Amino acid sequence: MSLIVVGSVALDTVETPADRRDEVLGGSASYFATVASMITPVRLVAVVGEDFSDEHLRFLRERDVDLAGLQRLSGRTFRWSGRYLDNMVDRETLDTQLNVFEKFSPQIPAAYRDSEYVFLANIDPCLQLEVLNQVDNPRLVALDTMNFWLTGESVSVLKKVLVHTDVIFLNDEEARMLSGKHSLVKAAAAVRLMGVKRVIIKRGDSGAMLFDDAGPFWVPAYPLEDVVDPTGAGDCFAGGFMAYLAFTGDLSDSNVRRAMVFGSVTASFAVEGFSVERFDSVHRGDLLLRCGEFGRLVRFEDVKL
Ligand code: AMP
């Protein structure tokens, strides 16, 4: 089943209390595609500059990521840099240089128009709308966003995109901003009234919640002893979730819940290394093993009184 992601490809500089990496592969689309390609082919639409290295291109191509939609413009690649605090959850953005990303106008190649599973990563809602106008008849549209797009004119465009969206990924703050409600249950209900079928609220090391017609569902985050770099965990969650649905072709409520577990599994590997480096040594067997461990995390027998 055909899966497409439209988002950022970046060079990230990340500092944690223990270590740092300079200009490593980052961006929402890179994380998403790296993860999704472990179980299904993925089409990537993004933009890079002249300075984007062949090594990164090779990394993505060797993972069965279709790069026909990756534009290369004259200028420098998008750069982002951030520093994590001691709790390894909160971070400050030190620098954002949009560079060629500022001129990004997603062009969906003719061969991608039949994409059935569409992931609109965190980009300007106007561009998200442009993408939807260029795909024929998707089975599932999912969307991510950030606080920057949740105010002013952008939020009204975003609301137009939401009418065509099946799944939205938000964190606590974004859910509250978009809905104006503090309770996450009320926030999810309000977002669903905007036209989105399923709302997924990502809660970092507290897991993720899904709200849909079948009721609330929670998946924990895998209890790791050490987190190396949380950057991109949300995109890796979305990559696992969407790839599982595209791979199975099953959009039933129970399979969507399996996809939640798979997303949490892929996110848990992502944070075990900087950038996408952990995925050099993760294979399908490792994914399956950790899915099994998730089962043991939450399975319990009936409580008796
Ligand atoms: P996350 O940790 O899920 O927030 O994702 C972090 C990734 O998003 C990094 O790899 C950044 O390169 C990328 N990123 C940061 N800011 C932006 C932005 N304004 N637009 C698109 N991507 C961004």
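Conventions adopted
- Residues numbered from 1 in each chain as written.
- Predicted model: local features only at pLDDT ≥ 70, side-chain atom pairs only at ≥ 80, totals over all residues.
- Heavy atoms only, no water.
- Buried < 20%, exposed > 50% of the residue type's maximum accessible area, 1.4 Å probe, protein only.
- Helix = DSSP H or I, 4+ residues; strand = E, 2+ residues; numbered from the N terminus.
- Arc of directions from axis to C-beta.
- Contact = heavy atoms within 4.5 Å.
- Pairing = 2+ DSSP bridges.
- Axes fitted to C-alpha atoms, helices over the stretch in contact; angles between N-to-C directions.
- Left-handed = near helix turned anticlockwise from the far one by under 90°.
- Patch = residues over 30% accessible without salt bridge, like charges linked within 9 Å, V, L, I, M, F, W, Y side chains within 5 Å.
- Areas by Shrake-Rupley, 256 points an atom, 1.4 Å probe, with all protein chains shown as cover.
- Salt bridge = Lys/Arg side-chain N within 4 Å of Asp/Glu carboxyl O.
- Phe/Tyr/Trp six-rings, centres within 6.5 Å; stacked < 30°, edge-to-face > 60°.
- Lys NZ or Arg CZ within 6 Å of the ring centre and 35° of its normal.
- Near = heavy atom within 4 Å.
- Polar contact = N/O pair within 3.5 Å; in protein donor to acceptor, adjacent residues only side chain to side chain.
- Nonpolar A, V, L, I, M, F, W, Y, C, P; charged D, E, K, R; others polar.
- Disulfide = S-S within 2.5 Å.

Enquirer: Just to check I follow, could you spell out helix H2 (residues 54–62) for this structure?
Expert: Since one α-helical turn is 3.6 residues long, residues separated by three or four positions face the same way. Among the residues making up H2, those that are buried are His56, Leu57, Phe59 and Leu60. One side of H2 carries all its buried residues, which in axial view fall inside an arc of 155°. Pointing more than 90 degrees away from the buried face of H2 are the exposed residues Asp54, Glu55, Arg61 and Glu62. Turning to H2, the residues buried within the fold contact strand E2 (10–15), strand E3 (20–26), helix H1 (28–36) and strand E5 (65–72). Immediately downstream of H2, the backbone of Asp64 shows phi near 70°, a positive value.

Enquirer: What's the story with the sheet that holds E2 in this structure? I'm lost.
Expert: One key point about sheets: their strands pair by backbone hydrogen bonds, in either a parallel or an antiparallel sense. Strands sit in the order E3-E2-E6-E7 across an open sheet of 4 strands; the sheet is mixed. The strands lining the two open edges of the sheet, one partner per strand, are E3 and strand E7 (91–97). Taking the axes of each pair of neighbouring strands and ignoring which way they run, one obtains an average angle of 20° across the sheet. In the sheet, E2 pairs with strand E6 (residues 79–84) via 5 bridges, with the strands oriented parallel. In the sheet register, Thr13 faces E6, and the bridge partner there is Ser81. Against the sheet, H1 touches E2 and E3, its axis set at about 70° to E3.

Enquirer: Is there a simple way to think about the packing of helix H8 (residues 253–270) against helix H9 (residues 284–298) in this case?
Expert: Packed helices, taken two at a time, are described by their axes: the angle between them and the distance between them. Two elements in contact, H8 and H9, have axes separated by 10 Å at closest approach and are oriented at 115°. As for how H8 packs across H9, the hand of that crossing is right-handed. Contacts between H8 and H9 involve Val261, Phe262, Ser264, Val265, Thr266, Ser268 and Phe269 from the former and Asp286, Leu287, Arg290, Cys291 and Phe294 from the latter.

Enquirer: Looking at this structure, how should I read a nonpolar patch on the surface?
Expert: A cluster of nonpolar residues, Trp218, Leu297 and Val298, forms a patch on the protein surface that exposes about 270 Å² of accessible area. Position of Val298 among the secondary structure elements: in helix H9. On the accessibility criterion, Val298 (40% relative accessible area) is partly exposed.

Enquirer: I tried to follow the packing of aromatic side chains on my own but got confused; where do I start?
Expert: For any pair of aromatic rings, the description rests on two quantities: the centre-to-centre distance and the angle between the ring planes. The final tally for this structure, using the stated rule, is 9 aromatic pairs. Centroid distance Phe101 to Phe104: 5.8 Å. Interplanar angle 20°. Geometry classified as stacked. Note on Phe101: relative accessible area 16%, which makes it buried. By relative accessible area, which is 4% here, Phe104 ends up buried. A cation over an aromatic ring shows up here: Arg290 above the ring of Phe269, its NZ or CZ 3.9 Å from the ring centre.

Enquirer: Looking at this structure, I do not really get the site of the ligand. What am I missing?
Expert: Inspection of the region around the ligand gives 15 residues, with Ser8, Asp12, Gly27, Arg91 and Gly232 positioned closest. One of the side-chain nitrogen or oxygen atoms of Asp12 is found 2.5 Å away from an oxygen atom of the ligand. In the complex, 83% of the free accessible area of the ligand, which totals 510 Å², lies under the protein chains. Looking at side-chain class alone, the shell around the ligand contains 6 nonpolar, 6 polar and 3 charged residues.

Enquirer: Sorry if this is basic, but what is going on with the pattern of salt bridges here?
Expert: Between side chains of opposite charge, pairing is possible as soon as their charged atoms come close. In total, this model carries 18 salt bridges according to the counting rule given. Arg83 is the partner of Glu92 in a salt bridge, and the nearest nitrogen-oxygen pair spans 2.8 Å. On the accessibility criterion, Arg83 (32% relative accessible area) is partly exposed. Where Arg290 meets Glu272, a salt bridge forms, and the shortest distance between an N and an O atom there is 3.1 Å. In this pair, Arg290 is assigned in helix H9 and Glu272 in the loop between H8 and H9, connecting sequence segments 18 residues apart. Each of the salt bridges in this network shares a partner with another, and the network as a whole consists of Glu15, Arg20, Asp22, Arg83 and Glu92.

Enquirer: Can you help me understand the environment of Gln97 in this one?
Expert: Along the chain, Gln97 falls in strand E7. The class of Gln97 is partly exposed, set by a relative accessible area of 28%. For the pair formed by Gln97 and Asp54, sequence separation is 43 residues and the distance between their alpha carbons is 21 Å. Setting aside chain neighbours within four positions, we find Gln97 in contact with Arg76, Thr77, Phe78 and Arg79.

Enquirer: Looking at this structure, how should I read the state of the cysteines?
Expert: A covalent bond bridging the sulfur atoms of two cysteines is what the word disulfide describes. Using the criterion set out here, one finds 0 disulfides in the structure. The thiol of Cys236 is not disulfide-bonded; the next cysteine sulfur, from Cys291, is found 15 Å away.

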